[in-house]
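Residue strings, one per chain:
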Amino acid sequence: MSLSEMMSAGDEIPPTQRRRRRWLACLPLVVLLAVAAVVVVLLVGKGKNLLPNPVSEGCQVDTSDGLVQLSLDQMRNASTIAAVATARNLPERAVTISLATAMQESRLTNLTGGDRDSIGLFQQRPSQGWGRPEQIADPVYATNKFLDRLIEIPGYAQLPLTQAAQDVQHSAFPDAYAQHEADAITLASALSGRIQAAMTCSVNGVGAASTGTGTSALAAELKKDFGKVLSTSALGAAPTSGGSPTAGPKQQQLAVSLRSGSLQTQRGWAVAQWSVAHAKDLHITAVEYAGKRWTSADSQKGWVGTASPSAGAVSSSDASTAGLRLTVASA
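Source: prediction; values computed, not measured.

A. Region of the structure containing the overall build of the chain. Along the backbone of the chain there are 11 helices and 9 strands. Of all 331 residues assigned to the chain, the portion counted as buried reaches 42%. Summing over all exposed atoms, the chain offers an accessible surface of approximately 17,100 Å²; the carbon and sulfur share of this is 55%.

So this is what it looks like as structure tokens:
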């Protein structure tokens, strides 16, 4: 073979060698994809703070009597019903009857309509003397009107629940209220404050109130629902770890004082659990009372013990003298 023929033959690359060179050219891309896959696995599997999963929002009451799960809106309305009864110094049985009635009439949802001209949590009718539509649409007003008629029934607290509810509502389905009694008992035991730290909510953030309105709006809502049972005072900025400001919304604190008496601790827990139920709409980031703390940032953990004693963070045995502190996010 001549030299020229030998050079020509050398220009012909065997097929296997050609494929090997193509694969080597793709090697950097393959390595990059493999590294990316490993990073994603590490982030999802171990770095949950880097890629947080959305919280499944909702509330629950968990007691020895049972477990009741509600949406944020439903628990907010349920806690308002309990608060109004607390403000009127009514027994827990009144809360139970009211809750069971609202569960049947509206599923604890503040409806804008219903059968004929029925409105609100209790499906009260303006044409039947319950009030103007805009009044009935207010859960506090609607609850007060229901309770006004309930307490007029002689011995209502000793009556079967369905009879007491029917004597107020005059429903076409008088036996329907009984099906909600067990759940209403569970809810009432916590929302009245008798069972401590039994109600909690999971939230996917609470946002921030407009500048200067956070604690004032919260104080106004507390006063509306609980009346003279409590008083409030703004405490200013919440303390931060290390003593330095944190990024994000400002954290303002509100102190809540309960009227003295034998039911002071129970009322404190009624207010504390009401605050958790209203955290989303009132931008409450922390509720602290009687050695327990709930935070919106770790809402799925529920109530946890506080690290050290403070006003609003004491042992359960000293709960009657504990202060209640609420922290609100403000722009």
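Next comes the rest of the account.
B. Focus on the sheet that holds strand E3 (residues 199-202). A sheet is described by the order of its strands in space; here 3 strands give the open sequence E2-E1-E3, paired in antiparallel fashion. Of all strands in the sheet, those bounded by a partner on one side alone are strand E2 (66-70) and E3. Averaged over neighbouring strand pairs, the angle between their axes works out to 20° when direction is ignored. The pairing of strand E1 (residues 58-63) with E2 spans 5 bridges and is antiparallel. Paired with valine 61 across the strands is valine 68, a residue of E2.

C. Quick peek at the side chain of glutamine 169. Take glutamine 169: it is sitting in helix H7 (residues 161-169). With relative accessibility at 15%, the residue glutamine 169 sits in the buried group. A polar contact of 3.0 Å, which involves the side chain of glutamine 169, links it to the backbone oxygen of phenylalanine 122. Not counting residues within four places of it along the chain, the set of residues in contact with glutamine 169 comprises Thr101, Glu105, Phe122, Trp130, Phe146 and Tyr177.

D. Expanded view of the state of the cysteines. Tallied over the entire structure, the rule returns 1 disulfide. In this model, cysteine 59 is linked to cysteine 201 through a disulfide, with the two sulfur atoms separated by 2.1 Å. Where cysteine 59 bonds to cysteine 201 through sulfur, the torsion about that S-S bond is close to 105°, and the disulfide is right-handed. Here cysteine 201 lies in strand E3 and cysteine 59 lies in strand E1, a separation of 142 residues in the sequence. Accessibility assignment for this pair places cysteine 59 and cysteine 201 in one class, buried.

Procedures and definitions
- Residues numbered from 1 in each chain as written.
- Predicted model: local features only at pLDDT ≥ 70, side-chain atom pairs only at ≥ 80, totals over all residues.
- Heavy atoms only, no water.
- Helix = DSSP H or I, 4+ residues; strand = E, 2+ residues; numbered from the N terminus.
- Buried < 20%, exposed > 50% of the residue type's maximum accessible area, 1.4 Å probe, protein only.
- Areas by Shrake-Rupley, 256 points an atom, 1.4 Å probe, with all protein chains shown as cover.
- Pairing = 2+ DSSP bridges.
- Axes fitted to C-alpha atoms, helices over the stretch in contact; angles between N-to-C directions.
- Polar contact = N/O pair within 3.5 Å; in protein donor to acceptor, adjacent residues only side chain to side chain.
- Contact = heavy atoms within 4.5 Å.
- Disulfide = S-S within 2.5 Å.

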